[in-house]
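Below, each chain spelled out in residue letters.
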Amino acid sequence: MAGIIWNKLIGQERIRSVFDSAFENGTLGHAYLLCGDAGSGKFAAAFDLAQALLCLSDTQKPCGECVSCKKVKKYSHSDFHVIMPVVLEKEHKSTDGKLSEAGWKLLSEVVVNRIEDPYAIRSFSSIPSIPVDWVKEVTHAIMRGPLEGGRNVVIMDRVDLMAKEAANAMLKTLEEPPAGTVMILCTNRIHAVLPTIISRCQILRFGWLPPETIRESLSRKFDVSSKDPKVTACIGYGALGEAMQQFQNPGSALMEDTAKFWSACVSQEWSSVTGMIDAFTLINDYGSYERIFLLIMQGIRSSFFRTLEGAENYIMGDGTPEFPLQGVRTPERAGELIDLCERSIGYLRARAGVALVFAEFAISVMEILNGKKCQIG
Ligand SMILES: [Zn+2]
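This one's a predicted model, so the numbers in the text were calculated from it and none came from an experiment.

Colleague: Help me understand the overall build of the protein chain, please; the structure alone is not making it clear to me.
Modeller: Along the protein chain, the regular secondary structure elements total 15 helices and 5 strands. A compact globule built from 377 residues would reach a C-alpha radius of gyration of about 21 Å, and the protein chain, at 21 Å, matches this within 12%. In terms of overall dimensions, the protein chain has C-alpha extents of about 65 × 55 × 35 Å along its principal axes. Sorting the 377 residues of the protein chain into buried and exposed places 41% on the buried side. In the protein chain, the proportion of contacts linking residues at least 24 apart, taken out of those at least 6 apart, comes to 73%.

Written out as structure tokens, the structure is:
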């Protein structure tokens, strides 16, 4: 057997070689946790692997032509399962709180869109969650065994957003799935994934893509010259999804605004902080709020690792704004700041007011940097 044909995944040579050799030698594990920034290609890799595992071709896999490949692509293969966070409205639930027919329909639409464009960064009108019914159904399908493909393949996207009840529903399956089952979990917040899940998986980290890879992908995807200044403006965004977002909405500049907010926090300019908070509250998109904190985490990591050798995977591209680390010299301090971002995401998920979450974050950053309680005004 040869390696996998990576149709969707862009770059990430190290990840490819790990999967290629395990695929060739028949030594694939039963559970992987792919972690890396949003838009770095985790879902694309998981999809290519899933399609290859179910492909019926005798030669190159996935062939894209066989009945199995086509079903996987349309998300209609009975042994291919995807679980991901969604925002459920009233009509998606029936009176007993379970998913309604419209709810199930929504789930498959979301999956089909994700397969279509695995690099697109999803936005959420409200706080997304992974429906426990969905997890239970997939768990049931795995335990029942494959119906047509010889094995079950599962992708669980954003497994960090899985609530305890949903996680418990799948823990046993994750520990001892029937032979041949492959479960591919994805996250951009590994420290928010339950330890009981992490301990059952092999972990693979996705790095940032080199500028030239981003340049080439953007020009192909949007059918523009690779020398187009609009393309050049985005090539430093080390995750392709992030770069696509910048290309499509050059005015939105969430990353720039986030860097501005961060700079205002670390330089303790309270009036700039409140100005940015006012601007953020107008965005009104949960996905963007979460991304602000994720970008800050990336920024902190990136600035911190810039001084270290062998940490290139963690460093943001040259075109990205700087996230200054005034006074943060130790990994412990950087860790405290990253924990703070996680805590803020937790507050957002608990439906705390957006302005309050950002203000609390800013004050806490100042306190960490000063090593003491903050006085405002
Ligand atoms: Zn095929």
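Colleague: Mind showing me how you'd approach helix H12 (residues 270–283) here?
Modeller: With 14 residues, H12 extends 21 Å between its outermost C-alpha atoms, agreeing within 8% with the 20 Å of an ideal straight helix rising 1.5 Å per residue. Regarding H12, the residues found buried are Val-273, Met-276 and Phe-280. Along the long axis of H12, the arc covered by the buried residues comes to 70°, so they all point the same way. The exposed residues of H12 that point more than 90 degrees off its buried face are Ser-271, Asp-278, Ala-279 and Leu-282. Residues of H12 that are buried make contact with helix H11 (254–266), helix H13 (286–305) and helix H15 (354–370).

Colleague: Please explain the packing of H11 against H13 as it appears in this structure.
Modeller: The description of two helices packed together rests on the angle between their axes and the distance between the axes. Interaxial distance between H11 and H13 falls to 10 Å at its minimum, and their mutual angle equals 65°. The two elements H11 and H13 cross, and the hand of that crossing is right-handed. For the pair H11 and H13, contact is made by Leu-254, Met-255, Thr-258, Ala-259 and Trp-262 and by Ser-288, Arg-291, Ile-292, Leu-295, Ile-296 and Gly-299, respectively. Its residues assigned to classes, the contact of H11 with H13 shows 7 nonpolar, 3 polar and 1 charged.

Colleague: Would you mind going over the domain arrangement of the protein chain with me for this structure?
Modeller: Think of interface size as the accessible area that goes away when the parts come together; that is how it is often given. One can read the domain layout of the protein chain as domain 1 (13–205) and domain 2 (251–370). Distance between the C-alpha centres of domain 1 and domain 2: 30 Å. Facing 13 residues of domain 1, the contacting portion of domain 2 comprises 11 residues. Taken together, the residues that form the side of domain 1 that touches domain 2 break down as 5 nonpolar, 5 polar and 3 charged.

Colleague: So what exactly am I meant to see when it comes to the sheet that holds strand S3 (residues 153–156) here?
Modeller: Strands in a sheet are paired, the pairing made by backbone hydrogen bonds, and the direction either parallel or antiparallel. Taken in spatial order, the 5 strands line up as S2-S3-S4-S1-S5 in an open sheet, and their pairing is parallel. Because the sheet does not close on itself, it has two edges, and the strands there are strand S2 (80–83) and strand S5 (202–205). Each strand of the sheet is rotated relative to its neighbour by a mean of 15°, with strand direction disregarded. Inspection of the sheet shows S2 paired to S3 by 4 bridges, in the parallel sense. Paired with Ile-83 across the two strands is Met-156, which belongs to S3. This element, helix H5 (residues 132–144), spans S2 and S3 of the sheet and lies at about 155° to S2.

Colleague: Would you explain the environment of Ser-123 in this entry?
Modeller: Among the secondary structure elements, Ser-123 is positioned in the loop between helix H4 (101–116) and H5. Between the C-alpha atom of Ser-123 and that of Glu-101, which follows or precedes it by 22 residues, the distance is 23 Å. Excluding its chain neighbours within four sequence positions, the residues that come into contact with Ser-123 are Asp-285, Gly-287 and Ser-288.

Colleague: Explanation requested: the nonpolar core in the structure shown.
Modeller: Side chains that are nonpolar tend, in soluble globular proteins, to be buried together. Ranked by internal contacts, the top residues of the largest apolar core, which has 70 residues, are Leu-34, Ala-46, Ala-50, Ile-184, Leu-185 and Ala-243. Per-element accounting of this core gives the leading share, 10 residues, to helix H2 (residues 42–54). If near-sequence neighbours (up to four positions away) are discounted, Leu-34 is found in contact with Lys-42, Ala-45, Ala-46, Ile-184, Leu-185, Cys-186, Leu-204 and Phe-206. Among the nonpolar cores identified, the runner-up in size contains 31 residues, and Ala-264, Phe-280, Ile-300 and Cys-341 belong to it.

Colleague: Looking at this structure, how should I read helix H1 (residues 13–25)?
Modeller: In an α-helix, one turn spans 3.6 residues; hence positions three or four apart end up facing the same way. The terminal C-alpha atoms of H1 lie 18 Å apart, and with 13 residues this matches the ideal 18 Å at 1.5 Å per residue to within 8%. Gly-26, located one to two residues past H1, shows a positive phi value of around 65°.

Conventions adopted
- Note on numbering: residues in each chain are counted from 1, in written sequence order.
- Side-chain atom pairs in this predicted model are given and counted only at pLDDT of 80 or more, local residue features only at pLDDT of at least 70, and totals for whole chains, interfaces and linings cover all residues.
- Under the DSSP-based scheme used, a helix requires at least four consecutive residues in state H or I and a strand at least two consecutive residues in state E, with every element numbered from the N terminus.
- Radius of gyration here is computed from C-alpha atoms only, and the compact-globule reference equals 2.2 Å multiplied by the residue count raised to the power 0.38.
- Exposure classification rests on a simple neighbour count of other C-beta atoms within 10 Å of a residue's own: a residue reaching 20 or more is buried, one at 12 or fewer is exposed, and one in between is partly exposed. C-beta atoms are placed from the backbone.
- Once C-beta atoms have been placed from the backbone, residue pairs whose C-beta atoms lie within 7 Å are recorded as contacts.
- An expected span of 1.5 Å times one less than the residue number is assigned to each helix.
- Each C-beta atom gives one direction from the helix axis, and the arc is the one those directions make.
- Throughout, an axis means a line fitted to C-alpha atoms (over the contacting stretch in the case of helices), and angles, computed between N-to-C directions, take values from 0 to 180 degrees.
- Two helices cross in a left-handed way if the nearer one is turned anticlockwise from the farther one by less than a right angle. They cross in a right-handed way if the turn is clockwise.
- Note that Gly is not counted as nonpolar here; it falls among the polar residues with everything else outside the nonpolar set of Ala, Val, Leu, Ile, Met, Phe, Trp, Tyr, Cys and Pro and the charged set of Asp, Glu, Lys and Arg.
- Boundary definitions for the domains trace back to an automatic or database domain assignment.
- Two strands are said to pair when DSSP picks up at least two bridges between them.
- The term nonpolar core refers to a set of buried Ala, Val, Leu, Ile, Met, Phe, Trp, Tyr and Cys residues connected through C-beta atoms within 7 Å.

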